[in-house]
Amino acid sequence: MTRGDVLVSVDNLSKSFTGAEGHELRVLHNISLDLRAGEIVALLGRSGSGKSTLLRTIAGLIAPTTGSVRYRGTELNGANPGTAMVFQTFALMPWLTVQDNVELGLAARGIPPTQRRERALNAIDLIGLDGFESAYPKELSGGMRQRVGFARALVLEPDLLLMDEPFSALDVLTAENLRTELMALWQQDNFPTKAICIVTHNIEEAVLLADRVLVLGANPGHIRAEVPIDLAQPRDRKSTAFATLVD
Ligand code: ADP
Ligand code: MG
């Protein structure tokens, strides 16, 4: 696998849910996209445009109504083995320590205890949680909790890291720190993931992090525009241009 190879491809994906009175709620319409090794892609759209639903179908947590999601060429039939997810609200297990939260997914994958421990400690160290192995989530700040969320995802060494508004629940300074650290880690050769797909409703965040931004329109969610990020352009000018694309 080299830079530019397709990790995940979504083809003509549509998703409907059945509403309370049995009517059909169309959430995603005819979405096609590729996610490639080496890139960070932002899915940008307003609340309700179907961003989380799209991310969950890529993760294989929900099945498309029509169309398909493929991972390394194979159509998903259940969870996507090449992905791990970071959630807006962290979704940690409050009764487990940091270490045990990070090890949980490895246990589910049948990794033996000694390897689990070593991999978890590496991920904890990588994300700056050294010394907090025995702490419980409630003892940690929001920023530290989200670090646990990152460690829990990265320890799985997913080809594709999926992040659903990972910084939205944090204060602006904490979010800024964590974003900067993530970008520094992403540049390192030992970063354990090949591509990132981040969902956000924050234009500046999308422009700052991504190589490519897919702008989703709503009702039903569809890809409205695909915008490559030209790093030579001033950032603020780009943000203004984006504002006209997001409905
Ligand atoms: P976003 O993440 O962009 O805010 P979502 O993907 O969460 O959007 O939701 C898009 C639409 O789909 C919303 O109208 C939401 O209520 C609806 N929706 C999401 N999940 C379900 C579900 N499991 N059942 C019914 N409707 C859902
Ligand atoms: Mg969402």
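- Per an unreviewed UniProt entry, the protein carries the name Nitrate ABC transporter ATP-binding protein and comes from Gandjariella thermophila.

**Focus on the site of ligand 1**
Logical step 1: If you check the shell around ligand 1, you find Phe-17, Leu-25, Val-27, Gly-45, Ser-47, Gly-48, Ser-49, Gly-50, Lys-51, Ser-52 and Thr-53 and nothing else.
Logical step 2: Of all elements in the fold, only strand E2 (24-36) and helix H1 (51-59) reach the threshold of two or more residues within the shell around ligand 1.
Logical step 3: Counting residues per element, the shell around ligand 1 draws most heavily on H1, at 3 residues.
Logical step 4: A class-by-class count of the residues in the shell around ligand 1 yields 3 nonpolar, 7 polar and 1 charged.

**Concerning the sheet that holds E2**
Logical step 1: Read from one edge to the other, the open sheet built from 4 strands follows the order E2-E1-E4-E5, with strand pairing classed as antiparallel. Two strands in the sheet have a free side with no partner beyond their single neighbour: E2 and strand E5 (74-75).
Logical step 2: Sheet topology note: the strand E4 (residues 66-71)/E5 ladder contains 2 bridges and is antiparallel. Paired with Tyr-71 across the two strands is Thr-74, which belongs to E5.

**Points about the sheet that holds strand E7 (residues 160-164)**
Logical step 1: Strand order in the open sheet formed by 6 strands is E6-E7-E8-E3-E9-E10, with mixed pairing between adjacent strands. Strands at the two margins of the open sheet, each flanked by one partner only, are strand E6 (83-86) and strand E10 (222-228). Taking the axes of each pair of neighbouring strands and ignoring which way they run, one obtains an average angle of 20 degrees across the sheet.
Logical step 2: Bridge count between E6 and E7: 4 bridges; the pairing is parallel. Directly across from Met-85, in E7, lies its bridge partner Leu-162.
Logical step 3: Strand contacts of helix H4 (residues 142-154): E6 and E7, with the helix running at about 175 degrees to E6, the strand carrying the most contacts.

**Overview of the nonpolar core**
Across soluble globular proteins, you tend to see nonpolar side chains buried next to one another.
Logical step 1: Grouped together as the largest cluster of nonpolar side chains are 60 residues, with contacts concentrated most on Ala-151, Leu-162 and Cys-197.
Logical step 2: With 6 residues, the top contributor of residues to this core is H4.
Logical step 3: Setting aside anything within four residues of it in sequence, one finds Leu-162 in contact with Leu-55, Ile-58, Ala-59, Thr-83, Ala-84, Met-85 and Cys-197.

What counts as what
Along each chain, residue indices are assigned from 1 in the same order as the chain's sequence is written. For naming, the first written chain is A and the first written ligand is 1, with later ones following in the order written. Two thresholds apply to this predicted model, a pLDDT of at least 70 for residue-level local features and 80 or more for giving and counting side-chain atom pairs, whereas whole-chain, interface and lining totals are computed over all residues. The criterion for a residue being near a molecule or strand is simple: its C-beta atom, placed using the backbone, must lie within 6 Å of it. Runs of E in the DSSP output that reach at least two residues are strands. Runs of H or I that reach at least four are helices, and both are numbered from the N terminus. By the convention adopted, Pro, Cys, Tyr, Trp, Phe, Met, Ile, Leu, Val and Ala count as nonpolar, Lys, Arg, Asp and Glu as charged, and the other residues, Gly among them, as polar. Pairing between strands is defined by DSSP: at least two bridges between them are needed. Note on method: axes are straight lines fitted to C-alpha atoms, helices fitted across the in-contact stretch only, with angles between N-to-C directions ranging 0 to 180 degrees. Note on contacts: residues are paired as contacts if their backbone-placed C-beta atoms lie within 7 Å. The nonpolar core is taken to be a set of buried Ala, Val, Leu, Ile, Met, Phe, Trp, Tyr and Cys residues joined by way of C-beta atoms within 7 Å. Field definition: a residue is buried when 20 or more other C-beta atoms are found within 10 Å of its C-beta, exposed when 12 or fewer are, and partly exposed for counts in between, with C-beta atoms placed from the backbone.

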